[in-house]
Amino acid sequence: MGSTSRSHGSRLEQKASALLDSAVGVGDMVLLEPLTEETFIHNLRQRFEHDNVYTYIGSVVISLNPYKPLPIYSPQNVEEYRNRNFYELTPHIFATADEAYRSLRDQDRDQCILITGESGAGKTEASKLVMSYVAAVCSKGAEVNQVKEQLLQSNPVLEAFGNAKTIRNNNSSRFGKYMDIEFDFKGDPLGGVITNYVLEKSRVVNQARGEHNFHIFYQLLAGGSNSLLAELQLDRETSAYAFLRQGQGTRVESVDDAKNFHVTQRAMEVIGFSTTEVRSVLELVAMVLNLGNFTFRDVSRTNGMDECRLTSTKGLQEVCSLLGLNEDVLEKALTSRTVEAKMEKVCTTLHVAQAHYARDALCKNLYSRLFTWLVGRINESIKVKSKLRKKVMGVLDIYGFEIFEENSFEQFIINYCNEKLQQVFIELTLKEEQEEYVREAVKWIHIDYFNNAVICELIENPQTGILAMLDEECLRPGAVSDTTFLEKLNAVCSGHPHFESRMGRDARFLNDTSLPRDSFRIQHYAGRVTYRVEGFMDKNNNLLYRDITQAMWAASHPLVRSIFPEGCPQRVSFKRPPTAASQLKTSVAWLMRNLLAKNPNYIRCIKPNDKQAKEVFQEQLVLHQVRYLGLLENVRVRRAGFAFRQQYGPCLQRYKMLCPLTWPHWDGEPRAGVAVLLTELGISKEEYAFGVSKIFIKNPRTLFYLEQARKQRMQELATLIQKTFRGWATKRHFQCMRHSQVVIARFFKGYYRRKQYQETRAAILLLQSCLRGWKARKLLKDLKLQKLQHEAATIISAHWRGYQARKLLKNMKLQKRRHKASTVISAYWRGYQAREELRRLKEEERRRRAVAVIWAYWRGMKVRQEYRKYFRANAGKTIYDFVIISITRRYLLRLRDNLPSSSPIERKWSAYPYLFLEEAHLQLKNLHHLWRCKVLRATFDDGRKAIYDEKLCASELFYNKKALYPLTVSQPFQGDYVDINNNPKLSKLFDLLQEPRLFSDVVYKINRANGKRSTRVAVLTAKQLILADSKSGQVKTQLSLSDVGGLSLSPLSDGLIGVHIKENIAAGWKGDFLINCNHVIELVTKMHRAIQASGDQPPPLQLANEFPVQFGGEEVVVRFHQATQRNGTLPACRKKSQLLEVSV
Ligand SMILES: Nc1ncnc2c1ncn2[C@@H]1O[C@H](COP(=O)(O)OP(=O)(O)OP(=O)(O)O)[C@@H](O)[C@H]1O
Ligand SMILES: [Mg+2]
């Protein structure tokens, strides 16, 4: 193992050195020989000239600003550096980013990336590169991508509002930014938090020569559409705005403000700004620009006092319309000041300078608060929603160290921040490291370096520090000014080696003309900076007149209102707001704590020239930076020191798999384990040292080798685990399969057996059923046979019995026949005997009669002989008469005994015995009938008699003449069929009739014109026939019976009657009537009798199949015929010109 790993280690080492050596110059300054300032700079220059802008000092990256785009940041480059060891490839910022990201992801250590360097050195670009690399290498997915996009898009927004062109950097960050990117356990970004440090707000109102205001102002004017600018009350020309005219610098050619404006807008959109929010932000920017154009002048008032007023109201209206504020309120807020004293409000007018100061203060506050609001709004969008444990990577990009011609409070703050960062670097890379060697008892020769802690002390000491002095002066009552502050500094700090002032105690500077009297100078780690104290107090106080804050709060613009909460009258607080210095100290202290808690990764940016030119390498400038950054010391410490250190326990834990003696468990002390491990790996003893609690590894390549070996071993172990797992999984799978197979086999066997059993069972059942069938059939056959036999037997027995029976019957019949025969015979015999007897008796009788006859004849003959002489002449007639009389007498007697019943309808009559009696017989029959009728009539009363009279009359009229008649004979004539008395409809008719009614019935009058029927009530009285409407009782026709000239009927069974009217009657005669009456026989009979009773000759009655009628002077023939099919009981009438056909 030892020899293989050794050879393997040397191979990796060779590979690494080959990679490093293939670079131009020396990729890692630690390998630089000899190490002097010249060789250091030379190496940097050599690499810079070959576009190798990155060089390592161990794990620290030196980044030279190329000032030109390099083709080393493509996605391919990202892929190249992804998951590769730090020293494996040429130095690159991606390697640092990758190292930090992997440590964060794999070793669960929070990271921070500290990017330092002076203004224009490339810090912001470096931070963006780090962020874009991390975004590119972490996993993808809709949610993750959105988070990444939001994090990345925060840069353009913050740059637009927080960066500006300075003489050192066209895109200089004018604020400090620390961004915590938060990851989940897998290394996917969840979100982040941005912390911003003091924005250089004075730039809003004042820019040095050649410098510009914040980018957003130019972007808005260049990129805003005409309509947007019109709505924001803006002019496209930058020269129209005082705040953009001051620097007098021209915009950078390469910068496309219009395009950048759209980039900013798009970025805001991606982050999640609503359209209203974007609009509000732009309105605020427009307000600042317009406010900047406000100028003031003194106006004399009548009381002799001067009053400050706006020089021109131009722009006031625009600002106020954007703010949603009354113009007077704004003007008053800018030109006067209200002081509250003892519950009294005193309003004083500001003079012109104060008004300008107020305007600037308002603009600076508006803008800086807008910037803070923006950061807050971005944080709201990118903040992590889940409460899971997070890993954090902090990226620090603050404004770089800067020295201007005139440096003020802002530069003081910027440089203080850089001083503090340098302190962190020194603390961790130079001081702490060397102290650790001593602590760990590792052999170490101290390397000297400059520790800037004294400068930090000069600035931040809570009692004697410049910031403390400034605060003290600001809070001190009485006449305080920037001068008093400087005096105080001179008094307190002039003894400090890094503090210089003309007015101080140090005589060296008394005549130093480079140091103005109103200034002090600090020897910063990066150079001497002279600060003018003018404005220090003001800027530190950070005060804004309450009139202004209240006016802003009163505005209807929601964003403005929200960023001036102290303007709310209810919230008025007399507490001073914290000073800028104290705020800065607090936030810097927080930042330091935060950075020290994380694993630092350094990117040290160096500016190759101060012209922002590509391919220009100013050695002096670079050397200055290398010096103040302490890079040489850094290399020395690195070279003498150890690249890597780790506690024995974690180290053994991390690498124990590389040696069979330590893997899988080491039972002894961790230190001994690490020693065994390193020895076994064949790492030379010079490469490492044992500290008290940590192992120190000198060369990064050794670590690289260890990591590589570990990676490979991990792969082997992973393979082993995989193998074992796969074996186990396969075994499990096999066992599962086997178990499954057993289960399946069991089920199959069960199923098979069941199937077999079922088949066998089915077969058996089949056999059984066949057998049973066979048996049954056999049984059936037997039974059938038995049945047949039984039937046969039955039949036979039946036949036998039948035979027997028949035989018996035959016998019986024979017997019977015989009996009958005997009876017959006996009957015959007896008959014969009887007949014989009868004959004998008849013979005897005949003989007796013959004897009697003979006797009679004899006696007759004797008598005749006796009396012949007496009666001979009349004897024949007398005998004849006697016989006739005797016969007649006997006939009559018999007729008397056989007379029929006395009913006249009885037809029975006995037959006549002798022909000569026929006539007498018929006459007797007739006589008898007449007698019966007479007897019956004698029983009649008058009513009955009248009925029979009517019936008799009817008979006379219709008997054998009309087919209907026989049907009516048995029906009594009722007369009144309508019951007029009790019919309310016919009450009119009732009232009209005076005479007694003979007949009333519903009849149908046949219309003369068309033969159709209409219902009428016919009423017959002794004198007239009335036809009235059947519904209303309205009399339609009133016909005197004396006018009836004749009646015509058919011989058929119909009830139609033609009433012929005499033609001589009065005018209005319409002709004859045709009436259909259900009781026609009765009606005609009664009419006949009524006319007869009146003494008139009854009208002739005609019964014919065809008769003429007069219809209004026209003769119409009414012809009857028998219909084959009857439609109802009424006859159907059809009139055809002069023919009325009636089908009956
Ligand atoms: N890696 C790089 N490749 C190409 N150009 C670069 C690179 N780094 C920086 N630059 C150029 O240098 C300019 C200044 O860089 P940058 O803004 O990052 O400086 P800085 O250190 O942030 O300065 P300040 O402290 O003023 O903000 C950039 O605008 C860009 O033109
Ligand atoms: Mg920057």
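What you are looking at is a predicted structure, and each value in this text was computed from that prediction instead of being measured. (Residues numbered from 1 in each chain as written. Chains lettered and ligands numbered in written order. Predicted model: local features only at pLDDT ≥ 70, side-chain atom pairs only at ≥ 80, totals over all residues. Heavy atoms only, no water.)

(A) View of the overall build of the protein. The helix and strand tally for the protein stands at 34 helices and 31 strands. Computed over the C-alpha atoms, the radius of gyration of the protein is 76 Å, more than 25% above the 32 Å expected from 2.2 N^0.38 for a compact globule of 1144 residues. Dimensions of the protein, computed from C-alpha atoms along their principal axes, come out at roughly 240 × 115 × 60 Å. Relative to its full complement of 1144 residues, the protein shows a buried share of 45%. The contacts of the protein with a sequence gap of at least 6 include a subset with a gap of at least 24, amounting to 63%. Surface accessibility of the protein: about 60,800 Å² in total, with carbon and sulfur atoms responsible for 55%. When the 166 positive and 121 negative side-chain charges of the protein are each reduced to one mean point, those points stand 23 Å apart. (Helix = DSSP H or I, 4+ residues; strand = E, 2+ residues; numbered from the N terminus. Rg over C-alpha atoms; globule rule 2.2 N^0.38 Å. Buried < 20%, exposed > 50% of the residue type's maximum accessible area, 1.4 Å probe, protein only. Contact = heavy atoms within 4.5 Å. Areas by Shrake-Rupley, 256 points an atom, 1.4 Å probe, with all protein chains shown as cover. Lys, Arg positive; Asp, Glu negative; His and termini not counted. Charge placed at Lys NZ, Arg CZ, Asp CG, Glu CD.)

(B) Quick look at the environment of Thr 662. Within the secondary structure, Thr 662 sits in the loop between α26 (648-655) and α27 (670-680). Residue classification places Thr 662 among the buried residues on the basis of a relative accessible area of 0%. In this structure, Thr 662 is in contact with Leu 652, Lys 656, Gly 673 and Leu 677, ignoring residues within four places of it in sequence. Of note is the side chain of Thr 662, whose polar atom sits 2.7 Å from the backbone oxygen of Lys 656. In this structure the side chain of Thr 662 is engaged in a polar contact, spanning 3.1 Å, whose partner is the backbone oxygen of Cys 659. (Polar contact = N/O pair within 3.5 Å; in protein donor to acceptor, adjacent residues only side chain to side chain.)

(C) Structural context of the environment of Thr 823. By the element assignment, Thr 823 lies in helix α28 (residues 700-871). The exposure class assigned to Thr 823 is partly exposed, which follows from its relative accessible area of 34%. Among all residues touching Thr 823, those that are not within four sequence positions of it are Arg 818 and Tyr 828.

(D) Examining α26 more closely. All of the buried residues along α26 are Tyr 648, Cys 651, Leu 652, Arg 654 and Tyr 655. Seen from one end, α26 has its buried residues packed into an arc of 165 degrees, which puts them on one side. (Arc of directions from axis to C-beta.)

(E) Highlighting the coordination of the magnesium ion (ligand 2). Protein coordination at the magnesium ion (ligand 2) comes from Thr 124 (OG1) and Ser 173 (OG), with a distance range of 1.9 to 2.1 Å. Here Thr 124, found in helix α5 (residues 123-137), pairs with Ser 173, found in strand β5 (residues 172-173); they are 49 residues apart in sequence, far enough to count as distant. Each member of the pair Thr 124 and Ser 173 is classed as buried. (Donors = N, O, S within 2.8 Å, 3.2 Å for Na, K, Ca; no water.)

(F) Representation of a positive patch on the surface in the model. On the surface, Lys 813, Lys 816, Arg 817, Arg 818 and Lys 820 cluster together to form a positively charged patch. With respect to the helices and strands, Arg 818 occurs in helix α28. A relative accessible area of 52% places Arg 818 in the exposed class. (Patch = residues over 30% accessible without salt bridge, like charges linked within 9 Å, V, L, I, M, F, W, Y side chains within 5 Å. Salt bridge = Lys/Arg side-chain N within 4 Å of Asp/Glu carboxyl O.)

(G) Structural detail: the packing of helix α16 (residues 409-439) against helix α17 (residues 453-460). Where α16 contacts α17, the axes come no closer than 9 Å and their chain directions differ by 140 degrees. It follows that α16 is oblique to α17 by the angle criterion. Like other packed secondary-structure pairs, α16 and α17 cross with a definite hand, here left-handed. In this structure, α16 contributes Phe 412, Tyr 416, Glu 419, Lys 420 and Gln 423 to the contact, and α17 contributes Ala 453, Ile 455, Cys 456, Ile 459 and Glu 460. Its residues placed into classes, the contact of α16 with α17 shows six nonpolar, one polar and three charged. (Axes fitted to C-alpha atoms, helices over the stretch in contact; angles between N-to-C directions. Parallel < 35°, antiparallel > 145°, perpendicular 65-115°, else oblique. Left-handed = near helix turned anticlockwise from the far one by under 90°. Nonpolar A, V, L, I, M, F, W, Y, C, P; charged D, E, K, R; others polar.)

(H) Spotlight on the sheet that holds strand β6 (residues 176-183). Strand order in this open sheet of seven strands is β1-β2-β16-β3-β12-β6-β7, and the pairing throughout is mixed. The strands lining the two open edges of the sheet, one partner per strand, are β1 (54-57) and β7 (189-197). For this sheet, the mean inter-axis angle between neighbouring strands, taken without regard to orientation, is 20 degrees. Bridge count for strand β2 (residues 60-64) against strand β16 (residues 599-606) is four bridges, and the pairing is parallel. When the sheet's bridge partners are listed, Ser 63 is paired in β16 with Cys 605. On the sheet, helix α4 (residues 93-106) packs against β1, β2, β3 (111-116), β6, β12 (391-397) and β16 and is oriented at approximately 150 degrees with respect to β12. Against the sheet, helix α23 (residues 580-596) touches β3, β6, β7 and β12, its axis set at about 40 degrees to β6. (Pairing = 2+ DSSP bridges.)

(I) Representation of the site of ligand 1 within the structure. Every one of the 19 residues lining ligand 1 counts as a neighbour, but Ser 119, Lys 123, Thr 124, Ser 172 and Ser 173 are closest to it. For ligand 1, a nitrogen atom lies 3.1 Å from a polar atom in the side chain of Tyr 73. Between ligand 1 and the protein, one listed contact pairs an oxygen atom with a backbone N or O atom of Asn 171 at 3.3 Å. For ligand 1, whose free accessible area comes to 610 Å², the fraction covered by protein is 86%. Elements with a minimum of two residues in the shell around ligand 1: α5 and β5. (Near = heavy atom within 4 Å.)

(J) Highlighting the pattern of salt bridges. In the structure shown here, the tally under the stated rule is 48 salt bridges. A salt bridge links Asp 360 to Arg 359, with the shortest nitrogen-to-oxygen separation between them at 2.8 Å. The same class applies to Asp 360 and to Arg 359, which are both buried. Linking Arg 369 and Glu 566 is a salt bridge whose minimum nitrogen-to-oxygen distance equals 2.7 Å. Placement of Arg 369 in helix α15 (residues 352-382) and of Glu 566 in the loop between α22 (558-563) and α23 is noted, with a sequence separation of 197 residues between them. Among the residues examined, Arg 369 registers a relative accessible area of 19% and is labelled buried. A single network of salt bridges, built from pairs that share partners, joins Arg 174, Glu 200, Arg 203, Glu 211 and Glu 402.

(K) Seen up close, the pairing of strand β31 (residues 1139-1143). Counting buried residues along β31, four of its five residues qualify, which places the element largely inside the surrounding structure. Direction of pairing for strand β29 (residues 1114-1121) relative to β31: parallel, over a ladder of five bridges. Bridging from a neighbouring strand, Val 1118 pairs with Leu 1140 of β31. Relative to β31, strand β30 (residues 1132-1136) runs antiparallel, the two being bridged by five bridges.

(L) Inspection of the sheet that holds strand β13 (residues 499-501) at higher detail. Within the open sheet, the three strands sit side by side as β13-β14-β15. Their pairing is antiparallel. Both outer strands of the open sheet, β13 and β15 (527-532), are each paired with one neighbouring strand and no more. Along the sheet, successive strands turn relative to each other by an average axial angle of 25 degrees, direction set aside. Here strand β14 (residues 519-524) pairs with β15 via six bridges, running antiparallel. In the sheet register, His 524 faces β15, and the bridge partner there is Gly 527.

(M) Fine view of unusual backbone geometry. The step from Glu 33 to Pro 34 runs through a cis peptide bond, and the omega angle for that step is -15 degrees. Mapped onto the secondary structure, Pro 34 falls in the loop between α1 (2-22) and α2 (37-49). Even without being a glycine, Tyr 67 presents a positive backbone phi close to 55 degrees. Turning to its location among the elements, Tyr 67 is positioned in the loop between β2 and α3 (75-81). For Ala 441, which is not a glycine, the phi torsion comes out positive at approximately 60 degrees. For Ala 441, a relative accessible area of 57% translates into the label exposed.

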